[in-house]
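# A look at the structure
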Amino acid sequence: MSIETVSSYISAIKPLTVSVIDDVVLRDSHRDRDIPLRIYYPLECGSYPILVFSHGAGGSKEAHAALSRFWSSCGYICIHPTHYGSDTVMLRKGGLLAVKKYVNDPKFWSERPYDISFIIDSFNDLQKLSPSLQGKLDCTRIGVSGSSYGAYVAMLLAGASIQFPDQKLMSFPDPRASVFLGISPQGVGSYGLHQQSWEQINSPFLIISGTQDVGVDGQHPSWRLDPFFTCPLGISIVH
């Protein structure tokens, strides 16, 4: 499908009215962890597919608002969590070095994927906490997306494995999510990612990167293409 065809299709869509919920906090008592949410959703009646979006390191649920407003106007419910520990609060308190120390610490690599899976666990609770969502969540159509460190989270939920310092391999797939989008993903060498990390991904995964999108430690922009070239499906690429 050409870009012109996609643009024509999008322009033919009548935008839906977007509303925002910004006062919901989920409590994962098992992990003693709060997960604040911002939710973008169409006001019009209907059941809509769900996209859970994970922000980058030092970000928050407010990140990428314009993108999710657009998606919501096209008929998606977009759920943005704040991941405590790698969010704007940590950035303000300790600066970029504190955030990098957190995301590079293997004991925290599981926190974000567990956040996303807990959100999916809580869809029924969300409709009780926010009655305006009642009947709108199509729990049979779930996607996960993220930018930068959030793209790492999307990869883990899609089935990518990571290797811990003790050589133990772990993965955090959530089969309830069926499609994935990674914006500026990481390549081999970051956060436990290794050459075979993506071999078990068997769901559609769109990877978006840029020709000047260097890694946080100066890696060449082509490094961000590692997931695409090693993923068995090689679904799509925008570079």
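Preceding this paragraph is the structure being described.
Here goes a summary of the coordinates provided. (Residues numbered from 1 in each chain as written. Predicted model: local features only at pLDDT ≥ 70, side-chain atom pairs only at ≥ 80, totals over all residues. Heavy atoms only, no water.)

Within the structure shown, the criterion is met by 15 salt bridges. As a salt-bridge pair, lysine 61 and aspartate 22 come within 3.1 Å of each other at their nearest N and O atoms. A residue pair is termed long-range when its members are at least 10 positions apart, and lysine 61 in the loop between β3 (48-54) and α2 (65-73) and aspartate 22 in strand β1 (residues 18-28) qualify at 39 residues. With a closest N to O distance of 2.1 Å, arginine 27 and aspartate 32 form a salt bridge. (Salt bridge = Lys/Arg side-chain N within 4 Å of Asp/Glu carboxyl O. Helix = DSSP H or I, 4+ residues; strand = E, 2+ residues; numbered from the N terminus.)

We now examine the layout of surface pockets. Its volume calculated, the second largest pocket comes out at about 260 Å³. For the second largest pocket, the lining is made up of 17 residues, of which Ala57, Val103, Ser148, Tyr191 and Val216 are closest to its centre. At four residues, the largest contribution of residues to the lining of the second largest pocket is made by helix α3 (residues 88-103). The class makeup of the residues in the lining of the second largest pocket is eight nonpolar, six polar and three charged. (1 Å grid on protein atoms, 1.4 Å probe; cavity = no way out; pocket = protein on both sides within 12 Å on 5 of 7 lines; lining within 4 Å. Points joined across faces, edges and corners; volume = space filled by probe spheres on them. Nonpolar A, V, L, I, M, F, W, Y, C, P; charged D, E, K, R; others polar.)

Counting buried positions along strand β4 (residues 77-81) gives five out of five residues, so the element sits mostly inside the fold. Every second residue of β4 is oriented toward a common face, with Ile77, Ile79 and Pro81 on one face and Cys78 and His80 on the other, all of them buried. With four bridges connecting them, strand β2 (residues 33-42) and β4 associate as antiparallel partners. For arginine 38, the partnering residue across the bridge sits in β4 and is histidine 80. (Buried < 20%, exposed > 50% of the residue type's maximum accessible area, 1.4 Å probe, protein only. Pairing = 2+ DSSP bridges.)

In this section: the packing of aromatic side chains. Enumeration over the complete set of coordinates arrives at nine aromatic pairs. Here the aromatic rings of tyrosine 102 and phenylalanine 108 are separated by 4.1 Å at their centres, their planes lie at 10°, and the arrangement is stacked. Residue classification places phenylalanine 108 among the partly exposed residues on the basis of a relative accessible area of 22%. Relative to phenylalanine 164, the ring of tryptophan 109 has its centre 5.3 Å away and its plane inclined at 50°; by these criteria the two rings are tilted. With a gap of 55 residues between them, tryptophan 109 in the loop between α3 and α4 (111-121) and phenylalanine 164 in the loop between β6 (161-163) and β7 (169-171) connect regions that are remote in the sequence. For the residue pair tryptophan 109 and phenylalanine 164, the accessibility class agrees, reading buried in each case. Here the aromatic residues Tyr149, Tyr152 and Tyr191 are joined through ring pairs into a cluster of three or more. (Phe/Tyr/Trp six-rings, centres within 6.5 Å; stacked < 30°, edge-to-face > 60°.)

One way to put it is that α4 packs onto helix α6 (residues 149-158) with a least axis distance of 9 Å and a crossing angle of 65°. Comparing the axis directions of α4 and α6 gives the class roughly perpendicular. Along this stretch, α4 crosses α6, giving a crossing that reads as right-handed. Residues Arg112, Pro113, Ile116 and Ser117 of α4 form the contact with α6, whose participating residues are Tyr149, Gly150, Val153, Leu156 and Leu157. Of the residues that constitute the contact of α4 with α6, the class distribution is six nonpolar, two polar and one charged. (Axes fitted to C-alpha atoms, helices over the stretch in contact; angles between N-to-C directions. Parallel < 35°, antiparallel > 145°, perpendicular 65-115°, else oblique. Left-handed = near helix turned anticlockwise from the far one by under 90°. Contact = heavy atoms within 4.5 Å.)

What follows concerns the nonpolar core. Ranked by internal contacts, the top residues of the largest apolar core, which has 47 residues, are Leu37, Ile79, Ile119, Phe123 and Tyr152. Considering each element in turn, this core owes the most residues, eight residues, to α6. Apart from residues no more than four positions distant in its own chain, leucine 37 is found in contact with Ile21, Asp22, Asp23, Val24, Leu26, Lys61, Ile79, His80, Pro81, Ile119 and Leu126. Tyr40, Phe53, Cys78 and Leu181 belong to the second-largest nonpolar core, a separate cluster that totals seven residues. (Core = buried A, V, L, I, M, F, W, Y, C linked by side-chain atoms within 4.5 Å.)

Our next topic: the side chain of histidine 194. Among the structural elements, histidine 194 can be located in the loop between β8 (179-183) and β9 (205-208). Within the local environment of histidine 194, its side chain forms a polar contact with the side chain of serine 161, the two groups lying 2.9 Å apart. Setting aside its immediate chain neighbours within four residues, histidine 194 contacts Ser161, Ile162, Gln163, Leu169 and Val188. (Polar contact = N/O pair within 3.5 Å; in protein donor to acceptor, adjacent residues only side chain to side chain.)

On their own, these measurements won't tell you what the molecule is for.
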